[in-house]
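# Tertiary structure, described
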Amino acid sequence: MMLVMNGRYEDAGHEEYGHPERPDRAIAALQGVDQLHLESDLRIVNPYAATRAELVRVHEGAYLDELGAFCYAGGGDIDEDTYATYDSWTIAQYAAGSGLAVVRELHEKRDGVGFVVTRPPGHHALRDRAMGFCLLNNIAIAAAELTELGERVLIVDWDVHHGNGTQAIFWDDPNVLYVSTHQSPLFPGSGGAYEVGGSDAIGRTVNLPLPSGATGDVLRQAIDEIAAPTIDEFNPTWVLVSAGFDAHRDDPMADLALTSGDFALLAKTVAGYAPGPGRLAMFLEGGYDLEALRDSVAATLGAVLESPYRPEAPSYGGPGTEIVSNSQVERTAALRIAHEAALREEQQ
Amino acid sequence: MTESLRTIAVGFDGSHDAETAVRWSMKLASETNANVVVVNAVGMLGRFDNPTVAFKLEDSVRRLADEYGLDTTRVTLHVDDGDACSVMMRMAEEPINASMLVVGSRGQGKHPGLLLGSTSLELAEHTTIPLVIVPS
Ligand SMILES: [Zn+2]
């Protein structure tokens, strides 16, 4: 299978001394791709700066103006986690444009699997606010273009943090199914199993919180038992992945216990939800231990492309099976309440 | 005022500026019988940087509460995951149900006039309950 990636643009200007979201991350991810020796099975598409018309599908114009002005005034800390530099506005636009370019190439050719290696990451970025290292919500910007074309988009977010930005942007959109596995409690504090989508999209948000120390088997249980039936029913025409690798056991930002082998299994499962070739694209989000990031990228892509890469063994035996069962109960109750409220509104 | 002002939620990150806001809140509480929830947001870098910071905050909050004659039933420290703006907004909801938010004015941003970089201005735009910004 062909891997379609964005061409490299210079993102070294988006850096703050000592900050873990650093240019070496993108390099580590690319080293992961190199380990697969894809040669003629790798196609590179040109990145470009996403246009304002493409960005305002998910972001408020006033926010884009503020962000641009903030960067051009020299940048600085936006909040306790998130920084921007003079170059960040341009780099963020290129990150968004890279995602769009890869998705368009796949969409047109109906062939291959996409991998978008960009910084800064995107899934915490809200319609009108930067947070959690994220400036523009790259995956949401790509998903919004696909729904405009009439596609039904499944977004699987396996970053260790809940993708609050993506969830909020598509909260009321029935054409996007958002499924997130994440450690809880952890930043950003959202992503409870009871968060199931807005009144126009009841059930289109699936949150699978996992406790500190959870292993791959627990994560697979959560997906199989809670998410899979919803995904089958949704019947996606496109699959996008917020592929963060900070759930790896070596990552310094969180405490899940996944291995690169778990990412391989997960990728295989998620790829199975795509209706055919050219309908799956993965976007780099978090992942802050460079070796774990490199190996997890290789494992993920290796599994999907069926290349002979051998990752670490999958992990088993961590805590969380009970929490998964509780999530199922919480979700069912929340769905019932949401449907009843919708029915009442209809009758009024 | 005493009737509607049940719980004051005040942001606290241990900084001098935030302490000014906490003092203002505690003074108001002592005059009105309100409770004070001192709120500390643990950002994405929270665990990465300094996992012991919450213990130090606990001490500071205790010391300040004593100064204003507020006992442990009236003042609590609430540590929550998230960015400062989202965590403060959550205080308006269950289970805290604050009737007022208080923050220090620091972080008016490096670039005056821009919303970005200023928790107090972000909060002013998004809050659903009264917000007090205390100058340092
Ligand atoms: Zn993350």
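Keep in mind it's a predicted model, so treat the numbers as computed, not measured. (Residues numbered from 1 in each chain as written. Chains lettered and ligands numbered in written order. Predicted model: local features only at pLDDT ≥ 70, side-chain atom pairs only at ≥ 80, totals over all residues. Heavy atoms only, no water.)

### Side note on the overall build of chain A
- A tally of regular secondary structure across chain A gives ten helices and ten strands.
- Relative to a compact globule of 348 residues, whose C-alpha radius of gyration would be 20 Å, chain A shows 19 Å and is just as compact.
- In terms of overall dimensions, chain A has C-alpha extents of about 50 × 45 × 40 Å along its principal axes.
- Buried residues in chain A amount to 63% of all 348 residues.
- Restricting to contacts in chain A with at least 6 residues of sequence separation, those with at least 24 account for 79%.
- Computed over 23 positive and 52 negative side-chain charges, the separation of the two mean positions in chain A equals 5 Å. (Helix = DSSP H or I, 4+ residues; strand = E, 2+ residues; numbered from the N terminus. Rg over C-alpha atoms; globule rule 2.2 N^0.38 Å. Buried < 20%, exposed > 50% of the residue type's maximum accessible area, 1.4 Å probe, protein only. Contact = heavy atoms within 4.5 Å. Lys, Arg positive; Asp, Glu negative; His and termini not counted. Charge placed at Lys NZ, Arg CZ, Asp CG, Glu CD.)

### Looking at the coordination of the zinc ion
All names here are of chain A.
- Those donors, Asp 159 (OD), Asp 159 (OD), His 161 (ND1) and Asp 246 (OD), are the protein atoms that reach the zinc ion, and they lie 2.0 to 2.7 Å from it.
- Sequence positions of the residues that donate to the zinc ion give the spacing D-x1-H-x84-D. Of this pair, Asp 159 sits in the loop between strand E6 (153-157) and helix H6 (164-169) while Asp 246 sits in the loop between strand E9 (238-243) and helix H8 (260-271), and the two are 87 residues apart along the sequence. The exposure classification of Asp 159 matches that of Asp 246, with both residues buried. (Donors = N, O, S within 2.8 Å, 3.2 Å for Na, K, Ca; no water.)

### Let's talk about the interface of chain B and chain A
- Taken residue by residue, the interface counts 26 residues in chain B and 33 residues in chain A.
- Here chain B meets chain A over a buried area of about 2300 Å², counting both sides, of which 60% is carbon and sulfur.
- Counting the contacts that link chain B with chain A gives two salt bridges.
- When the shortest N-O distance is used, the salt bridge between Asp83(B) and Arg129(A) registers 2.6 Å.
- The interface formed by chain B and chain A includes eight residue pairs in polar contact (both at pLDDT 80 or more).
- Secondary-structure elements contributing two or more residues to the side of chain B that touches chain A are strand E2 (35-42), helix H2 (46-49), helix H4 (84-90) and helix H5 (119-126) of chain B.
- Here the side of chain B that touches chain A takes five residues from H4(B), the largest share from any one element.
- Taken together, the residues that form the side of chain B that touches chain A break down as eleven nonpolar, eight polar and seven charged. (Buried area = accessible area lost by both parts, 1.4 Å probe. Salt bridge = Lys/Arg side-chain N within 4 Å of Asp/Glu carboxyl O. Polar contact = N/O pair within 3.5 Å; in protein donor to acceptor, adjacent residues only side chain to side chain. Nonpolar A, V, L, I, M, F, W, Y, C, P; charged D, E, K, R; others polar.)

### Points about the pattern of salt bridges
- What the rule picks out here adds up to 22 salt bridges over all chains.
- Arg104(A) is paired through a salt bridge with Glu54(A); the nearest N and O atoms lie 3.0 Å apart. Linking Arg104(A) in helix H4 (residues 88-109) with Glu54(A) in helix H2 (residues 52-55), this pair joins segments that are 50 residues apart in sequence.
- Its relative accessible area of 27% is what places Arg104(A) among the partly exposed residues.
- Residues Arg129(A) and Glu122(B) are paired through a salt bridge, measuring 3.9 Å at the closest nitrogen-oxygen approach. One end of the pair, Arg129(A), is in the loop between strand E5 (113-116) and helix H5 (138-148); the other, Glu122(B), is in helix H5, on a second chain. In this structure, Arg129(A) and Glu122(B) share a single accessibility class: buried.

### Focus: the sheet that holds strand E1 (residues 3-6) of chain A
Residues and elements named next belong to chain A.
- Strand order across the open sheet formed by eight strands is E2-E1-E5-E10-E9-E6-E7-E8, with parallel pairing between neighbours. Since the sheet does not close on itself, it has two edges, and those belong to strand E2 (42-45) and strand E8 (205-210), each with one partner. Neighbour-to-neighbour, the strand axes of the sheet open up by a mean angle of 15°, direction not taken into account.
- Relative to strand E10 (residues 280-284), E9 runs parallel, the two sharing five bridges. Considered in E10, the bridge of Leu 240 is made with Ala 281.
- Sitting on the sheet, H4 is in contact with E1, E2, E5, E9 and E10, with an inclination near 175° to E5.
- Sheet strands in contact with helix H9 (residues 290-305) are E1, E5 and E10, and its direction is about 180° off that of E10. (Pairing = 2+ DSSP bridges. Axes fitted to C-alpha atoms, helices over the stretch in contact; angles between N-to-C directions.)

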